[in-house]
Amino acid sequence: MTDQRLEKIVSVLLIAGVSLSALIVLSGAICYLWQHGNESPDYHEFHAIERKYRSIQGVLGAARPSDCRGIIQLGLLLLICTPIARVAFSMAGFALERDGTYVLLTAIVLAILLYGLAAPH
Amino acid sequence: MTNLEFTPLVFTISAIAGLLGALTGLGGGVVVTPALTLLLGVDIRFAIGASLVSVIATSSGAAAAYVREGYSNIRIGMFLELATTIGALLGAYLATRTPTGILGIVFGAVLLHSAWMSTRPRPHDSSGKPDPLATRFKLNGSYPADGGHQSYKVTHVKTGLGLMFGAGTLSGLLGIGSGALKVIAMDQAMRIPFKVSTTTSNFMIGVTAAASAGIYLSRGYIEPVLAMPVMLGVLTGSLIGARKLIGARVRVLRWTFAAVVGVMAIEMIVNGVQKL
């Protein structure tokens, strides 16, 4: 494993992640506009969105054909996870290169990312 | 306005933002939030949440270009992400505690700076004295040029880390990629060659934004129905923009864009002051 090869592999991972999430978001969008196309959205006043769309477990539970916003949110969640998966993959790559310094450094970045994603805020 | 009218409108605005962002190198996120708040009256918190998601999409989508070119430096990226991700967590926490008037003013100031940066000529690649830290963390590298390999040394690592922490904080606070600040850190402080710093910075933007996205998600800032056309629009626009880069009349475009961004910046600041 060389750095160049590692970069190519993580690039492919990023493209796959963003493509899949765009597809999920698009299908959720069609589903939502089909059912709620004639309603009027109001984003002038801020109000935090429903709790079920605000955590990993909530979104995984909410995303089903009867809940189109949940499907969109699932696509967005997958998008957020894509760079995180990239960092995890880079860590494995540095381990294969037997570069202890960078395995540690990448592990810290990964921990920060997982804290941001999963810790309750 | 119904969803069937609102969604295509937001998609179109976001696609234009993404296109211009890619053509000028500023990134789409920095334009999409003022466009949503000033043109459509969207609350700045919803706009920032949607923009942050689009920033991750653009950064990841641009990876296709790196496979072709091979300029990015994965070690520089990972090393500096230490600073940007911690900054991004701090920024996202600050965002939930900052009055929207102040957010608007800070956003306007960052926009003005970006507009100014976008009119500046690209810095000349010049190497300085190599930093021992750069050697220790294997940051020095080479990139393909004129059929061979051009090697480079990285300087001022600590200054770069500090600037990157600031870039990460702004990214988390405002839901932007902070491309302009990252360029200052990498091009001007660390003397990383232009092509390496832009592609590496693009890589880093997604990771930085992902650090704060979780906080935005759990605070309820990411409204799926609004984020959906923003993400798809900015992604589409930036993918088109990345292909057209060589053919475009970049000079004229940069100045036009800088003028538009400058006007939006002043409006953001005025609106922000009125909300205080």
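Residues numbered from 1 in each chain as written. Chains lettered and ligands numbered in written order. Predicted model: local features only at pLDDT ≥ 70, side-chain atom pairs only at ≥ 80, totals over all residues.

Residue and element names in this part refer to chain B. Here strand β1 (residues 141–145) runs beside strand β2 (residues 148–152); their pairing, made up of five bridges, is antiparallel. Across the sheet, the residue bridging to Tyr 143 is Gln 150, located in β2. In sequence, β1 turns back onto β2 through a hairpin of two residues, with Asp 146 there showing a positive phi of about 45°. (Pairing = 2+ DSSP bridges. Helix = DSSP H or I, 4+ residues; strand = E, 2+ residues; numbered from the N terminus.)

Next up on the list: the environment of Leu 52 of chain B. Residues and elements named next belong to chain B. Here Leu 52 lies in helix α3 (residues 44–61). The exposure class assigned to Leu 52 is buried, which follows from the 34 C-beta atoms found within 10 Å. A C-alpha to C-alpha distance of 9.0 Å links Leu 52 and Ala 227, two positions 175 residues apart in sequence. Beyond its immediate sequence surroundings of up to four residues, Leu 52 is in contact with Gly 175, Ala 209, Ser 212, Ala 213 and Tyr 216. (Buried ≥ 20, exposed ≤ 12 C-beta atoms within 10 Å, placed from the backbone. Contact = placed C-beta atoms within 7 Å.)

Here we come to helix α4 (residues 100–118) of chain A. Taking 1.5 Å of rise per residue, the 19 residues of α4 of chain A would be expected to cover 27 Å, and the 26 Å separating its terminal C-alpha atoms lies within 8% of that figure. For α4 of chain A, the full list of buried residues reads Tyr 102, Leu 105, Thr 106, Val 109, Ile 112, Leu 113, Gly 116 and Leu 117 of chain A. The arc enclosing the buried residues of α4 of chain A, seen along the axis, measures out at 135°, which places them on a common side. Those residues of α4 of chain A that are exposed and angled more than 90 degrees off the buried face are Gly 100, Leu 104, Ala 111 and Ala 118 of chain A. Among the structural elements, α3 (68–96) of chain A together with α5 (74–97) and α10 (194–218) of chain B are those in contact with the buried residues of α4 of chain A. (Expected span 1.5 Å × (residues − 1). Arc of directions from axis to C-beta.)

To continue, consider the interface of chain B and chain A. With 54 residues of chain B at the contact, the number on the chain A side is 56 residues. Put simply, the parts of the chain that give the side of chain B that touches chain A at least two residues each are α1 (3–24), α3, α4 (63–69), α5, α10 and α11 (224–244) of chain B. At ten residues, α10 of chain B tops the list of elements feeding residues into the side of chain B that touches chain A.

Attention shifts here to α5 of chain B. Residue and element names in this part refer to chain B. When the terminal C-alpha atoms of α5 are compared, their 34 Å separation across 24 residues agrees well with the 34 Å that a helix rising 1.5 Å per residue should span. The sharpest bend along α5 comes to roughly 35°, located at Glu 81. Most of α5 sits out of view: 18 of its 24 residues are buried. (Bend = angle between axes of the 7 residues up to and from the residue.)

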